[in-house]
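Geometric and topological summary
Residues per chain, in single letters:
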Amino acid sequence: MKQLFQKSHKLDDVCYEIRGPVMDEARRMEEEGFQILKLNIGNPAPFGFNTPDEILHDIIINLPNAQGYGDSKGIFPARKAVMQYYQAKGVFDADTDYIFIGNGVSELISISLQALLNPEDEVLIPAPDYPLWTAVTRLAGGRPVHYICDEESDWIPDIDDIRRKITSRTKGIVVINPNNPTGAVYPREVLEKIYEIACEHNLVIFSDEIYEKIIYDEDARAAYSPMSLIAEDALCLTFNGLSKAYRAAGLRAGWLMISGKKRPFAKDYIEGISLLSNMRLCSNMTAQFGIQTALGGYQSIDDLVRPGGRLYEQRNLCYELLNQIPGVSCRKPKGALYCFPKLDAERFGIESDELFVLDFLREKKVQVVQGTGFNWPHPDHFRIVFLPDKDTLRDAIGRLADFLADYRQN
Ligand code: PLP
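Residues numbered from 1 in each chain as written. Predicted model: local features only at pLDDT ≥ 70, side-chain atom pairs only at ≥ 80, totals over all residues.

1. Observations concerning the sheet that holds strand 5 (residues 156-157)
With respect to topology, eight strands assemble into an open sheet ordered 2-9-8-7-6-3-4-5, the strand pairing being mixed. In this open sheet, the two edge strands, each paired with only one partner strand, are strand 2 (99-102) and strand 5. Relative to strand 4 (residues 143-150), strand 3 (residues 122-127) runs parallel, the two sharing six bridges. Looking across to strand 4, one finds that E122 is bridged to R143. Contacts between helix 3 (residues 76-89) and the sheet are confined to strand 2 and strand 9 (254-259), with strand 2 contributing the most and set at about 125° to the helix. Here helix 4 (residues 104-116) sits on the sheet and contacts strand 2, strand 6 (170-176), strand 7 (204-208), strand 8 (235-241) and strand 9; the angle it forms with strand 8, its principal contact strand, is near 155°. (Pairing = 2+ DSSP bridges. Helix = DSSP H or I, 4+ residues; strand = E, 2+ residues; numbered from the N terminus. Contact = placed C-beta atoms within 7 Å. Axes fitted to C-alpha atoms, helices over the stretch in contact; angles between N-to-C directions.)

What follows is the structure in structure tokens.
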């Protein structure tokens, strides 16, 4: 039908496949009465990972204080708690004036890219990535340029590829550590190299650290460093929030901290971030009252990611079961909530990973996300969430094994 009302050209190349056509199909199937196992979204609460009571308690008792608009940057106690959190880690210039609270990290990603990019400006983004970074770069008129993360080296960024892809238009580099979708946790040397490149070319470093506290292995935990500690002489934007470690994704609370010795040279850019924050008046007030309690309270996430903890055990099981399937191989995720296995595309004749995911959904009623949805350039990966309990994971991965036993796409 001829459309009278069309979306703007700004959206021509913008996509977010995690909630794309496969989700529409799953919804349609649910409406027909099918039960779908949804292993497609990193949303902890529906899988029994509840927000700690003390956070909910503080939100509830502060509900009367959340009726009016608040400061566009966020309520002071929340920003102060974020400042103290990073100061305690050793970030020398963490400062409430340079901390912004947002409706999740998502909104702050959007604000910080919209405030920076002019048409055709380039942003280096990992492939695979959390696709919001690519989508928002495009929406802001910029050009995402993907640097490869190397599966053979546990999905570590390929530094030579980053160097090759720098041009006079490169404005920033995105680092997602621990990584969604690969689960990689980057060694310090890799972050140092990225930092050197950023200094050399005056790039803004966007460090998405939303899985900072979800690291499973002792060595990876010991190796982990927030980028702001390394990038002291650069301009570093750190993103984190309540969605994952505090299992409060629906509350929509995140923060952005701007640090580094180049900050005085970013006055104009930071004014742009403030302007966009002002224009949306303020972030959801209710959730902001949970931030101080979250950061200062008992870190129950630690119990979940250590041996014997639910997430730790589910990570192990998911990784092991996937690798038992002929034609499937998976690097062990060191952090985050996902496995990103490789499919033997030749063996299964896969030309479209979206079709593979749709076929699997229709036949076995399990929903995962295709690798190209994370801007991975080949149709040979998918992402599966290991939030469900062990029995559900066994069931879902068992269905995948059955499905692949006689699957050929062409
Ligand atoms: N960054 C990464 C790497 C994510 O995986 C997600 C959500 O899955 C987000 C940001 C969005 O987080 P929020 O819920 O705070 O908007």
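2. Here's the deal with the confidence of the model for the chain
Chain-level statistics for the chain give a pLDDT mean of 96 and a share of 100% at 70 or above. This prediction of the complex comes with two scores: 0.96 for pTM and 0.99 for ipTM. (pLDDT = per-residue confidence, 0-100.)

3. Quick notes on the packing of helix 4 against helix 5 (residues 132-139)
Geometrically, a packed helix pair is captured by the angle between its two axes and the distance between the axes. Interaxial distance between helix 4 and helix 5 falls to 9 Å at its minimum, and their mutual angle equals 35°. Between helix 4 and helix 5 lies a crossing of right-handed hand. Residues S106, I109, S110 and L113 of helix 4 lie in contact with helix 5, whose contacting residues are L132, W133, V136 and T137. Considered class by class, the residues forming the contact of helix 4 with helix 5 number five nonpolar, three polar and no charged. (Left-handed = near helix turned anticlockwise from the far one by under 90°. Nonpolar A, V, L, I, M, F, W, Y, C, P; charged D, E, K, R; others polar.)

4. What about the domain arrangement of the chain?
Along its sequence, the chain is organised into domain 1 (9-49 + 303-405) and domain 2 (53-296). Here domain 1 and domain 2 have C-alpha centroids that lie 25 Å from each other. Each partner contributes to the interface: domain 1 provides 32 residues, whereas domain 2 provides 31 residues. Across the side of domain 1 that touches domain 2, the residue classes break down as 18 nonpolar, six polar and eight charged. (Domains from an automatic or database assignment.)

5. A closer look at the environment of L317
Within the element layout of this structure, L317 appears in helix 14 (residues 310-323). Excluding its chain neighbours within four sequence positions, the residues that come into contact with L317 are K390 and L393.

6. Looking at the nonpolar core
Counting 121 residues, the largest nonpolar core has V82, V174, I205, M257, I384 and F386 as the members making the most contacts within it. Examining the composition of this core, we find that six residues originate from one element, helix 4, more than from any other. With near-sequence residues (within four places) excluded, V174 lies in contact with V123, L124, I125, P126, W133, F206 and D208. (Core = buried A, V, L, I, M, F, W, Y, C linked by C-beta atoms within 7 Å. Buried ≥ 20, exposed ≤ 12 C-beta atoms within 10 Å, placed from the backbone.)

7. Thoughts on the pairing of strand 6
Regular strands have side chains that alternate between both faces of the sheet. The element strand 6 is largely enclosed, with a buried count of seven among its seven residues. Here strand 3 pairs with strand 6 via three bridges, running parallel. Across the sheet, residue V123 finds its bridge partner in strand 6, namely G172. Inspection of the sheet shows strand 6 paired to strand 7 by five bridges, in the parallel sense. Bridging from a neighbouring strand, V175 pairs with S207 of strand 7. With helix 7 (residues 188-200) bridging strand 6 and its parallel neighbour strand 7, the resulting β-α-β unit is right-handed. (Right-handed = clockwise from strand over helix to strand, strands pointing away.)

8. Here's the deal with the site of the ligand
With respect to spatial proximity, 13 residues lie near the ligand, and among them G104, V105, S106, Y130 and S243 are the closest. At three residues, helix 4 tops the list of elements feeding residues into the shell around the ligand. Per-class residue counts for the shell around the ligand are five nonpolar, seven polar and one charged. (Near = placed C-beta within 6 Å.)

9. Observations regarding the UniProt feature "domain: Aminotransferase class I/classII large" (unreviewed entry) in the chain
The positions UniProt marks with the feature "domain: Aminotransferase class I/classII large" (unreviewed entry) are residues 36-400. In the segment residues 36-400, helix accounts for 39% and strand for 17%; the C-alpha atoms at its two ends are 13 Å apart. (UniProt positions renumbered as here; feature names shortened; annotations may be inferred.)

10. Details of the packing of helix 4 against helix 10 (residues 267-279)
For the pair helix 4 and helix 10, interaxial distance at closest approach is 9 Å and the crossing angle is 130°. Between helix 4 and helix 10, the angle is such that the two are oblique. The hand of the helix 4/helix 10 crossing is right-handed. In contact with I111, S112, Q114, A115 and L116 of helix 4, helix 10 contributes Y269, G272, I273, L276 and S277. Tallied by class, residues from the contact of helix 4 with helix 10 come to six nonpolar, four polar and no charged. (Parallel < 35°, antiparallel > 145°, perpendicular 65-115°, else oblique.)

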